[in-house]
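As a plain string of letters, each chain reads:
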Amino acid sequence: VRRGRLRRVHRHAVPLRPHRRQSRAPGGELVPGCGLLRARQATTESPPFRVPGVQNSFKYHSPPGISSWRSQMHRLPISRALQSAASFGRTNRSVRSFHTDSYKQSLSFYLNGKKVDFPKGIEPDVPLIDVLRHDPEHGQSLTGTKLTCGEGGCGACTVTLSHYDHTAGKVVHRAVNSCLVAACYAQDMAVTTVEGLGNTRTNRMHAIQDRLNTFGGSQCGFCTPGFVMSIHAGLQNNPQPDAKTLMKCLDGNLCRCTAYRPIVDTVKSFCDDTKDSVKPPANRPLAPYDPAKDPQFPEELKTRPVAPLHVAGSRSQWYAPTTLEDVLKLKAEHPHAKIVAGMTEVGIDLRFKRHHIPVFISPVNVAELTKVTLTDNALEIGSAATLSQLYELVKAKHAAFSADPKLAHKASVMQAFSDQLHWFSGTQIRNVASIGGNVMNASPISDLNPVLMALNAEFVLRSTAGSRTVQAKDFFLGYKKVDCKGNEILESVRVPLGQKGDYVEAYKQSRRREDDIAIVTGCLRVRLDEAGHVQEAKLAYGGVAPVTKLAAKTEQFLLGKLFNEDTFSKACEVLRHELHLPANVPGGMPEYRMSLALGFFYKFFVSVTAKRSPAAVPKTTLSAAHKLFEPEIPRGQQVYDVPKRGTSVGDAAPHMSGAKQTTGEAIYCDDIPRHAGETQGALVLSKHAHARIKSVDASEALRLPGVLGYFGHEHVPGKNLWGHILLDEELFASEFVLHYGQPIGMIVADTEFTAKRAADLVKVEYEPLPALLSMEDAIEAESFYPQVHGLSDGDVTKGFAESDHVINGSVRMGGQEHFYFETHQSVAVPSEDNVLIWSSTQEAGKTQKTVAAALGIPANRVVVQVGRIGGGFGGKESRSMNFSAYAAIAARHLNRPVRLNLERDVDMTITGGRHPFRGDYKVGFTKEGLIKAVDYHLFNHAGLSMDLSIAVMDRALLHLDGCYRMPNFNAIGHLCKTHMPSNTAFRGFGSPQGHFVAEVVVEHIARTLKVPVEQIRQLNMYKDGEVTYYKQKIPKSIRKSWAECMKTSDFEARRAQVEAFNQANRWRKRGIVLQPAKYGIAFGSLFLNQGSAYVHVYTDGSVLVTHGGVEMGQGLNTKVCQVVASALGVPLNDVHCREMATDKIANASATAASMGSDIYGEAALNACKEIADRLAPYRAADPTLAFKDIAAKAYMDRVNLSAHGFFKSPHAGWNWATGKGEPWRYFTLGTVCTEVEIDQLTGDYKVLRSDLVMDIGASINPTVDIGQIEGAFLQGQGWCTIEELVWGDKEHPWVHPQGRLATAGPGAYKIPSADDVPLDWRITLMKDMPDPNVEHIAVHSSKAVGEPPLLMGMSVYTALKEAIYAARAQEGLEGFLQIDSPMTSERIRMACTDRFTRLAVGDDRTASNFVAKGSF
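These figures come from a predicted structure and were not determined experimentally. Here the residue numbers are simple positions, counted from 1 along each chain's written sequence. In keeping with the model being predicted, local features are shown solely for residues with a pLDDT of at least 70 and side-chain atom pairs are shown and tallied solely at 80 or more, while totals for entire chains, interfaces and linings include all residues. Note that the side-chain values use all heavy atoms of the structure and ignore hydrogens as well as water.

*Asks:* Let's hear about the pairing of strand β38 (residues 917–925): which residues, and what values?
*Replies:* Think of it in three bands: residues with accessible area under 20% of the maximum for their type are buried, residues over 50% are exposed, and the middle band is partly exposed, with areas taken using a 1.4 Å probe on protein chains only. By the criteria applied, helices consist of DSSP H or I runs no shorter than four residues and strands consist of E runs no shorter than two, each listed in order from the N terminus. The element β38 is largely enclosed, with a buried count of 8 among its 9 residues. Whether two strands pair comes down to DSSP finding at least two bridges between them. Judged from the 9 bridges that link them, strand β33 (residues 805–813) and β38 form a sheet pairing that is antiparallel. Opposite S810, over in β38, you have D920 as the bridge partner. The sheet contact formed by β38 and strand β39 (residues 931–943) spans 9 bridges and is antiparallel. Looking across to β39, one finds that K922 is bridged to D935. As consecutive antiparallel partners, β38 and β39 are separated by 5 residues, and within that stretch G929 has a phi angle of approximately 105 degrees, a positive value.

*Asks:* Which residues make up the pattern of salt bridges, and what values go with them?
*Replies:* By definition, a salt bridge exists where a carboxyl oxygen of Asp or Glu is found within 4 Å of a side-chain nitrogen of Lys or Arg. Enumeration over the complete set of coordinates arrives at 91 salt bridges. Residue R304 is joined to E300 by a salt bridge in which the shortest nitrogen-to-oxygen separation is 3.0 Å. Of the residues examined, E300 reaches a relative accessible area of 26% and is grouped as partly exposed. Of the charged contacts, one joins D1239 and R1068 as a salt bridge, the two residues approaching to 3.8 Å between their closest N and O atoms. In this pair, D1239 is assigned in strand β49 (residues 1226–1239) and R1068 in strand β41 (residues 1068–1081), connecting sequence segments 171 residues apart.

*Asks:* Explain the environment of A1194 to me, using residue names and the numbers behind them.
*Replies:* Among the structural elements, A1194 can be located in helix α37 (residues 1187–1196). Distance from A1194 to P1177, taken between C-alpha atoms, is 9.6 Å for residues 17 residues apart in sequence. Residues contacting A1194, with those up to four places away along its chain left out, are L1175, Y1178, V1199 and L1201. Residue contacts follow a heavy-atom distance rule, with two residues in contact if any of their heavy atoms lie within 4.5 Å.

*Asks:* Can you tell me about empty space enclosed by the protein, naming the residues and giving the values?
*Replies:* Within this scheme a cavity is a closed region of a 1 Å grid, computed over the protein atoms alone, that accommodates a 1.4 Å probe without allowing it to escape, whereas a pocket is open but has protein on both sides within 12 Å along at least five of seven lines; lining residues each have an atom within 4 Å of a point. Grid points are joined across faces, edges and corners, and a volume is the space filled by probe spheres set on the points. Enumeration according to the criterion identifies 16 cavities of 30 Å³ or more in this entry. Around the second largest cavity, the lining comprises 19 residues; the ones closest to its centre are P916, M980, N983, L1285 and W1287. The class makeup of the residues in the lining of the second largest cavity is 9 nonpolar, 7 polar and 3 charged. Gly counts as polar in this scheme, as do all residues outside two lists: the nonpolar Ala, Val, Leu, Ile, Met, Phe, Trp, Tyr, Cys and Pro, and the charged Asp, Glu, Lys and Arg.

*Asks:* Before we move on, can you summarise the packing of helix α31 (residues 991–1009) against helix α32 (residues 1013–1020) with the specific residues and values?
*Replies:* How two helices pack is summed up by the angle between their axes together with the distance between the axes. In this description, a line fitted to the C-alpha atoms serves as the axis of each element, helices being fitted only across the stretch in contact, and the angle between N-to-C directions of two axes falls anywhere from 0 to 180 degrees. Relative orientation of the contacting elements α31 and α32 amounts to 120 degrees, with a least axis distance of 8 Å. It follows that α31 is oblique to α32 by the angle criterion. With respect to the hand of their crossing, α31 and α32 are arranged in right-handed fashion. Contacts between α31 and α32 involve E999, V1002, E1003, I1005, A1006 and L1009 from the former and V1013, I1016 and R1017 from the latter. The class makeup of the residues in the contact of α31 with α32 is 6 nonpolar, no polar and 3 charged. Oblique is the label for every angle not falling under 35 degrees (roughly parallel), over 145 degrees (roughly antiparallel), or within 65 to 115 degrees (roughly perpendicular). Handedness of a helix crossing follows the sense of rotation of the near helix relative to the far helix, less than a right angle counterclockwise being left-handed and clockwise being right-handed.

Set out below in C-alpha cells:
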C-alpha cells in the first residue's frame, strides 16, 4: 500500500470494466448498471474472513453473503480469487437502500496552498503519504515527507493538517502522521508539507527551517522534515508559546542522530520564556519569525461547510457523512463496516497485516459525535472527539476545579484523565485518534479504559433502532471483544464527576515515558467517609489480564474498612492473588507487572493519606506519591575554544546539507525519481528459524496480474554466496533456512503493493529442525565458530597468587537495533552488460563486489552510487550489499529497473544489530583495590554467519582494560553460532562491550571492599606514559580529563547532596558516578586504513571534491570541504562535494571506525597540496589575485587543476598471529560525570545531569563534533537502558514462532526520545590538547569523535546501579549485585528489593537476587 498507484494495480486485478455496467455475482445473477460483483445475503453470521493463500492473523467477522462467496473460493485460481475478493469489497454498493446522491463523489483538498482534485478516484485505504510522495497520476512528488516506520511511531512523516471549525469560527492546525491517516481523511482540509514552508532554491526558508539548520539540529536529515512540521503546527496554533507547550509538540518525533539538544534549542528560540537562554553556534544570527508569512488557510474552506463524501475505490469504499442519522443508516446497511477516525490502529493493520476492509465510515464531521460537554455531574465525550480535544478540556477544567476545595473530587477526575492523556502516544496520534477508537479497540493495555472503569463510566450505543447504555465494567467481554452489535455505533462516553470524598489517581509505566504503550496502567478510586472508612472502591488495571480488569475481590475486601496501613497491607495480599500472572503470560515480565500493580496501589494509598492528613505520612515516605517524572525543558552548555585555521577549519559551520534537509530538498535513495519501466521487489522470507526447505511454489503468486517474476537461488547467474570476511551465507536459501526471516526468494511486480501481496502467496513447505536461539543455547551446545582470538600479558597465575582478594563474575549485555531512519533501499538499473546501483550503504566498494559476484560479471561492469544515507551506525556496512544483489539479479533477468525497499519490521527482523555479549571474569586485587590480575572469557552472539563478528570480538578484547592498568592479563573470545540473523557492526564495534565488562570488574572490586567506586577507578587508572597489555602508550589526557571533569562537575559536593537526598526519600533514590573512557582509533585490519579523494578546481574558482566516504549525517562532507577550503584559501561556500561512486573512487573502504574524516580529509588535503603547489607561482607573482583569476590564468597556461589524493595510516597495525603490533593510530579519551534519579516503585528514571570532558584534539568543526558527542552518548545510554530486543527464545516462550523478533518496530522497540536526554547537559572540549604524536597523522590535529562518546553513555547504567544500591541498603542488602544490560525499568524495579517485590516474586531470597529474563 506504501507507494501509491494502487488504482492501476487493480485495473489488472479486476478486469471488469465499469463502463460495461454489469457484472456477475458468485451465485450467477447479473446485476445491471453497477459493474460490481454482488453476493447473496447470508442469514447467519459467517466465520472470520479469509482469502485462501493470504495469511491473515486478524479476526474479522464477514459481511452478509460472505459464506456463499467463501464456499466457492477454494475452487478458483488465486488470481480469480483475488478478483472476487476485491470485487466483494464493492458488493453492497450494487443495490443500496442508502443513497449518496447528495454526497461528493471525489476527493479534494488543498496541498501547500493549491487545490488538488482527484476526479479519477483514489483508493480509500491509501495513506496520505503515498499521495504526497509518489502519485504521478495526480502529479505529486513531494518526497520531503519521509516514510520511516509506517506505524506512526517516529514522526518522520509528519505534515500539518488544517481545517476550519465552523462552530468555533477558527482554523485548527494539527500535526498528523501521514503514514497512517488516509488521504480521504483530508477532504476539505489544507495539507502543508515541509516543501510548503520554504526552500533554498528561492532563498526563502521558513524561520523553523533556518534556525534548525543554524543550531545544528539536522545530521542525517531523514527525521528533520517531521520535526519541522511538528514545530510548525505548534506555532500555527500558538505563535507565542511557552517552551513546555511547544516542546510537547515533539513528543511524537524521534531522532537517532542528534540527541535532540540542538532541536530543543531551536524550539526554545521561539518561546518568550526561553529564547534569551539559547545562542546558536558562533553567535550566528537567527532568522526572524513572522507568523503572518506562514502559509495561509484557504478562504474557500472558511465559507462553505464540509460536504459529505463518498469515495468508491476498486477494493473498498469510504463514507464520510455529516449527520448522525447518516452514520446510523450506513452502519445498518454495512454492519461490518469499520468506523474510523485517524486510522491510527487500522492504518497499521492495512500496511503490515495486509488487512482488507471493504467499507470505511468516517464520523469526524458529525457534530454530535465530536463534541465534548461538561455538566455539573458528568463529562460527556462524543465517540469521534479526538484525544487532543479531550486533553485540552480536562487540563483547563482541572485548573478551574482545583481553585475551589469544594470541587476537589471533580479536579481529581480531570487530573486522572490529564495524567493519562499527557503520556498517551504522541501528539500526532492524539490529534486524530478518538476516544471511541480507543474504547472499541478494547486493548488490555489501554491507558484510558482503566480510568473509565474506575469512574463508573457508561458507554452509549446507538443504532437505527434506538440506543442503549452499557456500564464500562460490563463492556469488555474478552481480548479485543466488546458488547457492541454489528449495527450499533458507540455514540458517546459518559463519565460521572464523582462525589465529595472521592479520591482518584491514574498511573502508567512503560519502557519509555513518551509515546509508548503501557506495561501496566491503572486507575484507582476510593470514596471515604469523614472517618476514613471505604464506602466505594474501584481498582482498575490494564496489562494484567486479557481485558482491562477490575480487582473486584480487593474492592470488596476494602469496603467498610478504615483506609489505613493495616487495611492496605491486607488488601495487598488479596490483590496479589487476584491478579496472579502465570510464568509464560504473553508479554512476559509477570513478577514486574505484579510489582507495578502493587506499587500503584501503594502510591495511591500514600497519596490519599497525605491529602487527608499530611502529618500522617512521614516526610521520607511522601516520595512514594510521585508519579512519572514530570517533563522539563533540557538545558545544554557547550564549552570550547577552537582556533580557526585558514578560511574554514575550526569554524563551527552548520552541516553543509543541513539547509536542504530542513526544507525536504535533500534526496535519499527512495527519493530518486522512478525510471521508465521500473518494477518493485518484495522478499519471500522464511517463517522458521531452522528448517529444511521441502518445496517452494510460487505459481499462485505468478498468476496474480502485475507480477513479473519470482527469483530464487536457481536464478542467481553467479555465486549464491556472500559475506564480508567469509563467503558463508546464501543470498537466497536453497536447501536449508538458518534463521527466521531469511530470504528464500523475491517477487517482482509492477507495483510494490502487488509485489508484497504476491510474496505473501508464495507457498514454502518446511521440515522444521532444532534451533539454537541464544548465546546460552550455543554455549551449552558448544556451537562456536572455529576462529578464536586471545590476548595475554604478564603472568596471570602469579598475579592471582599475589592478590589479597580473588573474585569471579559474569555479565550479559543485550543487543541493540541500529534504527537508522532510512531503511535499506536499493535500485538496480541495467544497461547493456552493465548495471547501475543506487544504494543506502556505508560500503559501496563491497556492494560492487557482491553484486558483480552474484551476476557473474567483472566488478568494472557494476557502478554503485551513494548520495547521502539516512543514518547507518554500522548497520549498512556489511548487511546492505545483499539487497542490492537481489535487485540486480531481478533487473538482469527482466532487463528492467528494480527497486527494493525494506519495511521497518522486515529491516529490523533480518539485518542484525549490535552483538549481545557475555563476559566472564576472574580478578585478583590487593586490599587497597589495586588490580593484580584478570582472566576474561568473552562470548558474542554471532548468528548464522561470520559477518564481522571476529572483528567485533577483536576490538572488544582490545578494550577490556577500560582505562585501567591490568599488569597480568589474559583474555579469550568465542563466537557463538546460532540460528539467528547475523549480528554486525554497530557504532563502537565491540569496544562498548569490552569497556562495559571492565567497568563491571571495577565496580565489583569497590563493592567487595566497601569503598566508593571512584576510588578504585582513580587508583587503577593509567598514568601518563604507561602502556596497555598490548604495549601501546597512553597519552596524558586521560587523568587530566578526570581531574577537569571532577572539578567542573563539582562532583564531591554533589555526591554529598545525593547522599542527603537518599536519606530524605524512601522511595526515590539518586546515583552519581565519575567514569573515564578510552577509545582506540583505527580499522582493526590494517589494509582498510586507506582512502582516496579527487579535487577539481574550475576556472570560476569553484572547487569540486569526490572521495570514498559516505555522508550519513556525521558531517564527513562538511569537514572534508572545510579542509579543502582552508588548503586552497577559498570560502567554504565555493567548495562542493559530490556523491560517492565506484566509477570515481575504486576499492573504497567502508565509512566506519570513526575514520572518515581522518582518511578522506587527509586524502583531500594531499590532493589540495598538489594543486596549491602548482598555483603557488601565480600567487607569488600577484598576491592580490582572486582565486578564480589564479585558476583561470593557470588553465590558460595548461596547468592541471585536478589532483588525486591518497592517504594510508602509517601505524603498524595488530597481528593476531604473533600478538604484536600497534592496533590504534591514537586514542580519543575523556571523562563523564552523570547523575540520575529513580522511582523505586516503578523503575522509572531520569538523567538529571551529565558533564562530558573530552580530548578530541583541535576540532575541525565544533558544531559537528559536539553533535556527534551528544548523539553517541544518547545511543550508548539507550543501549544500556531502554533499548531491549525480545526474540522468540527459551526465555520468551510466548513469542511465536521461534526466532521471531517481537520488538520489530518503534511500537515495541524504544530508542530514547527528547524526554530522555539529561536535563542539564554540559560538554567541554579540552583546550591545548593536540598531541605531538597526533599532529602528523590526524588531519589538522583533530581526533575522531563519532564512536568514543558512546562509551560515556554507559555512565547512565552505572549511575542507576548506584541509585539501586542506595535503595537496597534500606533493606539491609549490601554487596555487589550483578544486573544484566540493558537496565530496563523492569531490572531497576526488581533490583530495588522491598515488601512489594517480595510479594510479587513470592520468595524473599529470590526477590533479593531476582534476574530478569532477556534475549542475549
